[in-house]
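# What the coordinates show
Here is what each chain is made of, one letter per residue.
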Protein chains: 2
Amino acid sequence: MMTTIKDIAQKADLAVSTVSYALNDSSKISDKTKKKVIELAKELNYQPNGTARNLKKQKTETIGLFLNDLGGPYYSELIKGVQEVTSSNEYDLVACDAAGGVDSTAYTFLKEKRVDGAIILAPSISDELIIQVAKNQLPTVVLDRELESEHICNVLIDNIKGAYKAVSHLTKLGIEKIAYLSGATDSYDNKNRFKGYKKALLDKGISYQPDWFIEGCFTEESGYKAIKELLVNKKSANLPEAIFAANDEMAIGAIQALQEGNIKVPDDIAVVGFDDINLASYIRPSLTTISHPKYQLGKLATQMVFEGLEENFAGKSITISTDLVVRESCGG
Amino acid sequence: MMTTIKDIAQKADLAVSTVSYALNDSSKISDKTKKKVIELAKELNYQPNGTARNLKKQKTETIGLFLNDLGGPYYSELIKGVQEVTSSNEYDLVACDAAGGVDSTAYTFLKEKRVDGAIILAPSISDELIIQVAKNQLPTVVLDRELESEHICNVLIDNIKGAYKAVSHLTKLGIEKIAYLSGATDSYDNKNRFKGYKKALLDKGISYQPDWFIEGCFTEESGYKAIKELLVNKKSANLPEAIFAANDEMAIGAIQALQEGNIKVPDDIAVVGFDDINLASYIRPSLTTISHPKYQLGKLATQMVFEGLEENFAGKSITISTDLVVRESCGG
DNA sequence: GTGAAAGCGCTAACAT
DNA sequence: ATGTTAGCGCTTTCAC
């Protein structure tokens, strides 16, 4: 069995409160007693029970990071930023997966108040849940949607301008036939990246061709499949001159499919992605893409959570700007 | 304030126990009462408090995955395997970072019993802590060391044979001057990979050259720096013909350094890694490496945890075999 | 079918 | 400086 402060109290012939104070190094307790308690604790292999303390103190000192795909390629730097801030505030951090809907760990931890603050980057978590949970005083920072409600703050990437930059770069190279490889169509990021794409075309007087809306769902595989299909369906004369993918993973899948179809990237078709994941600089041709400061994003989001712990930060919204990173895949 | 069952009980003019039973859909309670309670719960935006339940039930139904580097490139598939098994057992999963020693979330969660089982892949967690924590009935699976103690089970990669395969492949290609790019020298993985390297040389009658032990620490940067230095110090005549890196990240760093030094991989120097991370197939030249079934590893480790939840599995040890994946970087 | 009460392990206000 | 006590929100035994 686990030893509790009760056991220590018994053995030491002290009250539990005294033991508790001693273990928490309270100034009320004499050095002698403290020493005795601490020794006994070590002897009995005592470990405080976090659950009990959390219940009593009505807080967990833990921040939850809720991701759609724990271990996905996007998050590594972001997590570092989050970690930096949580640990410098002497809080704990747990990363939870949100895939699986209402049965996911994300739902459980959010609803059951097993964290004191939440950072959400998981489109699969519904707006309703977030709003409901945040209503119960849970400071929540959402990175993947715009949401105005109590105890919710938005930290967003400037998707529209980012996409605009990507597409404008292509048009500046004289390319006009630019396809859009879409992510999940209902996602916030995708919607805005699509907006930026259309705006860039419009500003150049290029009319948007619904025909060049290619549907994927943010995964590498979806990009690969979508382009494979495209190559089967279209005559080569009817192919776009460039593909702007709503994220890097799809762009990488697309490049793979193009190469397998003996289409040269960027000579025949240029490809531009979004996010600047690690892989982007490693693949050949290296991927032109839109980068955003992930580490900073993580730090900022987490700082906001701690701000929300102190005061109600509802309604705050921060937008992070993006940068075009030109590499080989666009030929420019 | 958060609503509790007490609030519901009051409003419904019922006992808290009745409310609790009703919410847990106990057969004792009349449908009418259940309906009333559930409606009221919804109305008051009631959410059960997980901490309280965990305390009462003396379990969290949560498995902890403790990693040295949350978001590192290695773990993605492993995490999926772990997730698969935890969720099929209707448990939750939290991933915790172990960097930062005794102040890390890993230490806190392990010591405070905030998880019911642990999967550890974090050399920075000390053997002592693991043994101590496991003594308190915490089923623990370690993936990064051999450890025999109560409630601990080992799931290991066959590092020695893996390294042996890698180096043997090089010697079969007629390469004899093979350098070893080492990971953290005190790590279990590194020690055994080094053993396999030496054994493969020995079996071919090639004597081990301490001179070709190059020190890194498993990071891409450490591999890059180590090889940069090597190129500065050695005359080109004195360079090895191949580098066997203790993991892929260092191998990738090494390739980068070699290419910057105008040394052709694999023509001038072959490079082989270990782990078969995602990146390995994307870089150019693609990386020859030793793969192991990460998803399976995650599944297996997690299944072991659940086994340990039922019965004491102490002393069990499983070793996973590896495969050589030949790609471009070794020229074979 | 419902209620009263004990208790999980801890903290903290209030005695002494 | 130490002890007594109440209680965090929940589950569960036992009584009615």
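Residues numbered from 1 in each chain as written. Chains lettered and ligands numbered in written order. Predicted model: local features only at pLDDT ≥ 70, side-chain atom pairs only at ≥ 80, totals over all residues. Heavy atoms only, no water.

Looking up chain A in an unreviewed UniProt entry gives the name Transcriptional regulator, with the organism given as Halobacteroides halobius.

### Overview of unusual backbone geometry
Peptide bonds are trans in most cases, and residues, glycine excluded, mostly fall at negative phi. Residues and elements named next belong to chain B. In the segment running from valine 265 into proline 266, the intervening peptide bond is cis, with an omega of 5°. Assignment of secondary structure puts proline 266 in the loop between α11 (248-260) and β9 (270-272). For the bond from arginine 284 to proline 285, the omega torsion is -10°, close enough to zero to count as cis. With respect to the helices and strands, proline 285 occurs in the loop between β9 and β10 (289-291). Positive phi outside glycine occurs at asparagine 45, with the angle close to 55°. Topologically, asparagine 45 is positioned in the loop between α3 (31-43) and α4 (50-57). Located in the positive-phi region is aspartate 276, a residue other than glycine, with phi close to 55°. As for its position among the elements, aspartate 276 is in the loop between β9 and β10. The exposure class assigned to aspartate 276 is buried, which follows from its relative accessible area of 18%. (Helix = DSSP H or I, 4+ residues; strand = E, 2+ residues; numbered from the N terminus. Buried < 20%, exposed > 50% of the residue type's maximum accessible area, 1.4 Å probe, protein only.)

### Comments concerning the protein's contact with DNA strand D
Looking at DNA strand D, there are 28 residues lining it, with A:Ala15, A:Ser17, B:Ile5, B:Tyr21 and B:Tyr46 nearest. In the model, a phosphate oxygen of DNA strand D is placed 2.8 Å from a nitrogen or oxygen of the A:Thr33 side chain. Contributions of two or more residues to the surface near DNA strand D are made by α2 (16-23) and α4 (50-57) of chain A together with α1 (5-12), α2 (16-23) and α4 of chain B. Residue contributions to the surface near DNA strand D peak at four residues, all from α4(B). (Near = heavy atom within 4 Å. Polar contact = N/O pair within 3.5 Å; in protein donor to acceptor, adjacent residues only side chain to side chain.)

### Remarks on the pattern of salt bridges
By the definition in use, this model includes 28 salt bridges over all chains. As a salt-bridge pair, A:Glu77 and A:Lys80 come within 3.2 Å of each other at their nearest N and O atoms. Taken together, the residues span about one helical turn, with A:Glu77 and A:Lys80 both in helix α5 (residues 76-88) at a distance of three residues. Each of A:Arg53, B:Glu112 and B:Arg114 takes part in a single network of salt bridges with overlapping partners. (Salt bridge = Lys/Arg side-chain N within 4 Å of Asp/Glu carboxyl O.)

### What about the interface of chain B and chain A?
Interface size is often expressed as the accessible area that is lost when the parts come together. Between chain B and chain A, the residue contacts involve 45 residues of the former and 45 residues of the latter. The junction of chain B with chain A conceals about 4100 Å² of combined surface from both sides, 50% of it contributed by carbon and sulfur atoms. Along the contact surface separating chain B from chain A lie two salt bridges. For the salt bridge of B:Arg53 with A:Glu112, the shortest nitrogen-to-oxygen distance reads 2.5 Å. Across the chain B-chain A interface, the total number found is 17 residue pairs in polar contact (both at pLDDT 80 or more). Counting only elements with at least two residues in the side of chain B that touches chain A, the list comes to α4, α5 (76-88), β2 (92-97), α6 (105-111) and α7 (127-135) of chain B. Taken together, the residues that form the side of chain B that touches chain A break down as 16 nonpolar, 17 polar and twelve charged. (Contact = heavy atoms within 4.5 Å. Buried area = accessible area lost by both parts, 1.4 Å probe. Nonpolar A, V, L, I, M, F, W, Y, C, P; charged D, E, K, R; others polar.)

### Remarks on the protein's contact with DNA strand C
Around DNA strand C, a shell composed of 27 residues is seen, among which A:Ile5, A:Tyr46, B:Thr18, B:Thr33 and B:Lys56 lie nearest. Here the atoms of DNA strand C within 4 Å of the protein split so that 59% fall in sugar or phosphate, with bases taking the remainder. Within the backbone of A:Ile5, one N or O atom sits 2.7 Å away from a phosphate oxygen of DNA strand C. Here a phosphate oxygen of DNA strand C and a backbone polar atom of B:Ser30 are 3.0 Å apart. Of all the secondary structure elements, the ones that give two or more residues to the surface near DNA strand C are α1 (5-12), α2 and α4 of chain A together with α2 and α4 of chain B. A total of four residues in the surface near DNA strand C trace back to one element, the largest contributor, which is α4(A).

### Focus on the packing of helix α8 (residues 159-172) of chain A against helix α9 (residues 188-203) of chain A
Residue and element names in this part refer to chain A. Orientation of α8 relative to α9, taken along the N-to-C sense of each, is 45°, at an axis distance of 7 Å. With respect to their mutual orientation, α8 and α9 come out oblique. Pair α8 / α9 crosses with right-handed handedness. Along its contact with α8, which presents Asn159, Ile160, Ala163, Tyr164, Val167 and Ser168, the element α9 presents Tyr188, Asp189, Asn192, Arg193, Lys195, Gly196, Tyr197, Lys199, Ala200, Leu201 and Asp203. (Axes fitted to C-alpha atoms, helices over the stretch in contact; angles between N-to-C directions. Parallel < 35°, antiparallel > 145°, perpendicular 65-115°, else oblique. Left-handed = near helix turned anticlockwise from the far one by under 90°.)

### Focus on the packing of α1(B) against α3(B)
All names here are of chain B. Here α1 crosses α3 at 120°, and the two axes come no closer than 10 Å. Considered as vectors, α1 and α3 are oriented oblique to each other. The handedness of the crossing between α1 and α3 is right-handed. Of α3, the residues touching α1 (which contributes Ile8, Lys11 and Ala12) are Lys36, Val37, Leu40 and Ala41.

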